[in-house]
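What follows is each chain in one-letter form.
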Amino acid sequence: MEPIVRAVDVGFGNTKYVTSGSSDEIRCATFPSIAYPSARDLSATPAAERRRTVAVPIDGLFYEVGPEVNLAADTFRSTQMHDRYTETPEYAALLRGALNLMKVSTVDLLVVGLPVAAFAAKKAALEKAMTGKHEVGNGRTVTVRKALAVAQPQGALVYYASLHQKLQSIENEQSLVIDPGARTFDWLVTRGMRLVQKKSHSINRGMFDVLQAIATEISDDIGTPYRDFDAIDAALRTGKNPVIYQKPYDMSRLMPIARTIAQQAVSSMMQWIEASYNFQNIILVGGGAFLFKKAVKDAFPRHKIHEIKDPIYANVKGFQIAGMNYVRSGIEKDAPAVRPELKADGGAA
């Protein structure tokens, strides 16, 4: 039988995962990165109350995760937005929930992602934690035989190269991958598939900062705390104003705040990468790409910025392609151009 390769990208905002992967098609799905703990297994509730979630057992509690997790919401919404995110039970619950929804009992190679700034420090520990047998809810277990952790934007680079049939030619090119996510704004500078470590980094200036800043302004305006981040996010993506007190709230005057935060993130990146004229490829991906696009284009007026359809899935699709190539080449042998691990290259870009 052909080895089963799967990929999961547990982001601060959404958990993306591959449901099936082949050379012809990679199918993905997503659910919010929210996990609600309970002392009992809520999957045992009557059928009329059931929702599209799974209760994952961890350390004596059951963490409810899945596509309809917002139906399990209480008045407190816990978000694990800090540097030890991958060590939390919530992270484990989200990843195991994704394994449950994949409908497999064994994964021969699981590829997962890390923010660029945390990659070197947390890679080995995350791979160890992901390997082995996992209780994934509903009385099921999934065994992961091998795990590989990669820098999140590297997945986008692999996916971009695959889409444009550049898996070979990109080896001789210098690339910049920009990935604005929920918490972090990541960028990756590469020579071919080799990481230029001193110029790649991530900062905590992502979509959550935008949502929080806008929510604060709305709170001051209406005279009561406003915390409906999902409504603000939907408004930014669709252009339709959120409904507050039964009336559409005009957010147009708050858009300069959003643009300023995007500009701050891009300005921080520019201090790291310096000589931008060397890049043959500048690739913009991530769930926040739509909002950060103008700031990126303003920073690189003489470059073409490559965007990818469904940018939220670019990383996880690239993880899947890299994993499949890695398995085909023989896990214990040196893989060709697309290795899941980025090697460090300390030189300038």
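Residues numbered from 1 in each chain as written. Predicted model: local features only at pLDDT ≥ 70, side-chain atom pairs only at ≥ 80, totals over all residues. Heavy atoms only, no water.

For the rest of this paragraph, the subject is the packing of helix α4 (residues 207-222) against helix α6 (residues 255-273). Remark: α4 packs on α6, axes separated minimally by 9 Å, with the N-to-C direction vectors making an angle of 150°. In terms of orientation, α4 and α6 fall into the roughly antiparallel class. Seen along the crossing, α4 lies across α6 with a hand that is right-handed. Mapping the contact onto sequence places Asp-209, Val-210, Ala-213, Ile-214 and Glu-217 in α4 and Ile-257, Ala-258 and Ile-261 in α6. Taken together, the residues of the contact of α4 with α6 break down into six nonpolar, no polar and two charged. (Axes fitted to C-alpha atoms, helices over the stretch in contact; angles between N-to-C directions. Helix = DSSP H or I, 4+ residues; strand = E, 2+ residues; numbered from the N terminus. Parallel < 35°, antiparallel > 145°, perpendicular 65-115°, else oblique. Left-handed = near helix turned anticlockwise from the far one by under 90°. Contact = heavy atoms within 4.5 Å. Nonpolar A, V, L, I, M, F, W, Y, C, P; charged D, E, K, R; others polar.)

What follows concerns the sheet that holds strand β10 (residues 140-144). Taken in spatial order, the three strands line up as β7-β10-β9 in an open sheet, and their pairing is mixed. The sheet terminates laterally at β7 (106-107) and β9 (132-137), the two strands that pair on one side only. Looking at chain direction, β9 and β10 are connected through five bridges and run antiparallel. What sits directly across from Gly-132, in β10, is Val-144. Helix-sheet contacts for helix α1 (residues 89-101) involve β7, β9 and β10, and the interaxial angle to β9 is about 80°. (Pairing = 2+ DSSP bridges.)

Turning our attention to α6. Here α6 is 19 residues long and its end C-alpha atoms lie 27 Å apart, about the 27 Å a rise of 1.5 Å per residue gives. Buried within α6 are the following residues: Ala-258, Ile-261, Ala-262, Ala-265, Val-266, Met-269 and Ile-273. Axial view of α6: buried residues confined to an arc of 125°, hence all on one face. Buried residues in α6 make contact with β12 (174-180), β13 (185-191), β15 (201-203), α4 and α7 (289-299). (Expected span 1.5 Å × (residues − 1). Buried < 20%, exposed > 50% of the residue type's maximum accessible area, 1.4 Å probe, protein only. Arc of directions from axis to C-beta.)

Bringing the sheet that holds strand β6 (residues 61-65) into the picture now. In space, the three strands of this open sheet follow the order β4-β6-β5, with antiparallel pairing throughout. Of all strands in the sheet, those bounded by a partner on one side alone are β4 (36-38) and β5 (54-58). Averaged over all neighbouring strand pairs, the angle between strand axes comes to 35°, with direction disregarded. Pairing geometry for β4 and β6, over three bridges, is antiparallel. Each residue of the ladder has a partner; that of Tyr-36, found in β6, is Glu-64. The strands touched by α1 are β5 and β6; relative to β5, the strand with the most contacts, the crossing angle is about 130°.

What follows concerns helix α2 (residues 119-130). Within the sequence span of α2, burial applies to Phe-119, Lys-122, Lys-123, Leu-126, Glu-127 and Met-130. An end-on view of α2 places all buried positions within 140° of arc, on one side of the element. Looking at α2, the residues exposed on the side facing more than 90 degrees away from the buried face are Ala-121, Ala-124, Ala-125 and Lys-128. Looking at the buried residues of α2, the elements they touch are α1, β8 (109-114), β9, β10 and β11 (147-151). Gly-132 sits one or two residues past α2 and shows a positive phi near 120°.

Once that is clear, we can look at the confidence of the model for the protein chain. Looking at the protein chain, the pLDDT average stands at 88 and 89% of residues meet or exceed 70. Mean pLDDT in the protein chain bottoms out at strand β14 (residues 194-195), which sits at 84, and peaks at β10, which reaches 97. Here residues 334-344 is modelled with pLDDT under 50, and outside its nearest four sequence neighbours on either side it reaches 37 contacts, counting other chains as well. (pLDDT = per-residue confidence, 0-100.)

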